[in-house]
Amino acid sequence: MRLLLTSDTHLPRRARRLPEPLLAEMDAADVVVHAGDWVDEATLDLFEARARRLVGVFGNNDGPELRSRLPGFARVECDGLRFGVVHETGASQGREKRCADSYPDLDVLVFGHSHIPWDTVAPGGLRLLNPGSPTDRRRQPYCTYMTAEVADARVDVRLHRLPRPA
């Protein structure tokens, strides 16, 4: 099963459009995960129209229209692995323990907010993934997103670098 993991698209504030490689990955993915900060409803509409299956949450920059359409936390099972999606997880210091304590029934937690890619494993085995942002690199050398292949109770993740969008 192929997943696309993204977050913090911030359209149209940070970019006018989504990068073409991200759109191509959206078309190829079995499940598309968006960890919040869409900013406009048109972006959510685009994801809903293109994704085979969309799992998304609202972020701190998402207004009442998006909050009425999206939860603050979502779950999805992919080939036997239990995924959770949330926008914010708090400060990076202590994140692994805090998330392991908060989400003991998950195998993978996808989050956003910082725009900083993150891939670690918490005590007890919870994998924490932040795909960064495909439109706002915020102190990072590249805009990013992740893809994941899920099979046989394993998740293989790849971070993709993008040029800063126009």
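Before any of the text, the structure's been laid out above.
**Q** Where do I start with the pattern of salt bridges in this structure?
**A** Charged atoms that come close allow side chains of opposite charge to pair. Tallied over the entire structure, the rule returns twelve salt bridges. Residues Arg82 and Asp107 are paired through a salt bridge, measuring 3.0 Å at the closest nitrogen-oxygen approach. You can see Arg82 sitting in strand β5 (residues 81-86) and its partner Asp107 sitting in the loop between α4 (95-102) and β6 (108-110), a full 25 residues away along the chain. Since its relative accessible area comes to 36%, Arg82 is described here as partly exposed. Close ionic contact of Arg127 with Asp119 constitutes a salt bridge, the shortest N to O distance being 2.8 Å. Beyond isolated ion pairs, a larger network of salt bridges with shared partners links Glu41, Asp45, Glu48 and Arg69.

**Q** Sorry if this is basic, but what is going on with the pairing of β5 here?
**A** Put simply, side chains in a regular strand alternate between the two faces of the sheet. The element β5 is largely enclosed, with a buried count of five among its six residues. Counting the residues that bridge the hairpin from strand β4 (residues 73-78) to β5 gives two residues, and of these Asp79 lies at a positive phi of roughly 45 degrees. Sheet topology places β5 next to β6; three bridges connect them, and they run parallel. What sits directly across from Phe83, in β6, is Val108. With respect to chirality, the unit in which β5 leads through α4 into the neighbouring parallel β6 is right-handed.

What counts, and where the lines are drawn
- Residues numbered from 1 in each chain as written.
- Predicted model: local features only at pLDDT ≥ 70, side-chain atom pairs only at ≥ 80, totals over all residues.
- Heavy atoms only, no water.
- Salt bridge = Lys/Arg side-chain N within 4 Å of Asp/Glu carboxyl O.
- Helix = DSSP H or I, 4+ residues; strand = E, 2+ residues; numbered from the N terminus.
- Buried < 20%, exposed > 50% of the residue type's maximum accessible area, 1.4 Å probe, protein only.
- Pairing = 2+ DSSP bridges.
- Right-handed = clockwise from strand over helix to strand, strands pointing away.

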